[in-house]
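# Working through the structure, step by step
Each chain is listed here by its residues.
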Amino acid sequence: MDENADGSADRPEMILQVTIDCAEPQRLVPFWAEALRYVPEPPPEGHADWQSYWRAIGVPEEELGDEAGLLPESIVDPKGTGPRVWFQQVPEPKTAKNRLHLDLKVGGGRAVPLAERRSRVDGEVARLTALGASVLYTMDEPDGMDYYAVVLQDPEGNEFCVV
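Residues numbered from 1 in each chain as written. Predicted model: local features only at pLDDT ≥ 70, side-chain atom pairs only at ≥ 80, totals over all residues. Heavy atoms only, no water.

### Quick look at the pairing of strand 7 (residues 147-153)
- Burial runs high along strand 7: five of the seven residues are buried.
- Strand direction decides the pairing type here: strand 6 (residues 134-141) and strand 7, joined by seven bridges, are antiparallel. Looking across to strand 7, one finds that Glu141 is bridged to Tyr147.
- Two elements, strand 7 and strand 8 (residues 159-162), share four bridges in a ladder whose sense is antiparallel. Across the sheet, residue Leu152 finds its bridge partner in strand 8, namely Phe160.
- Hairpin connection, strand 7 to strand 8: the antiparallel pair is bridged by five residues, and Gly157 has positive phi, about 95 degrees. (Buried < 20%, exposed > 50% of the residue type's maximum accessible area, 1.4 Å probe, protein only. Helix = DSSP H or I, 4+ residues; strand = E, 2+ residues; numbered from the N terminus. Pairing = 2+ DSSP bridges.)

Here is the structure:
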């Protein structure tokens, strides 16, 4: 690829999307929309739902289930800064620990006193468990490590951290 005057190479635009494999997208969309303070992604303008949009762009019927796309299967940041998150329905169940997970960073980092970070993290954990998350364990490093995080699971068992 040729380099531009600013040293960057010509390349296509890249947009980050996070895809979460799951059994029931409609179970995870409301949970993660609330957890991330996102909103269910509305269908493109002129379409009542995603299924009508997919049909309009030629997605084959055999790829559409009876109810696929009737309710949102993705969430977006209402501010437009975070990545789109798509919940892809897959037939196989989760069998092992995630190799990739989300960290919800609410504590403020090490510049914030540990007691305050712990309070912020615990408050967020309480909010998320009320939405359907479950706590797996707490990482509370003693001996001056000054680290505090809680590992949770979403309603389908996908691990994530509140830090």
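### A closer look at helix 3 (residues 114-131)
- Here helix 3 contains 18 residues, and its C-alpha end-to-end distance of 26 Å stays within 8% of the 26 Å for a straight helix at 1.5 Å per residue.
- If you follow the buried residues of helix 3, they end up packed against helix 1 (25-36), strand 5 (102-104), strand 6, strand 7 and strand 8.
- The positive-phi residue at the C-terminal boundary of helix 3 is Gly132, with phi of around 125 degrees. (Expected span 1.5 Å × (residues − 1). Contact = heavy atoms within 4.5 Å.)

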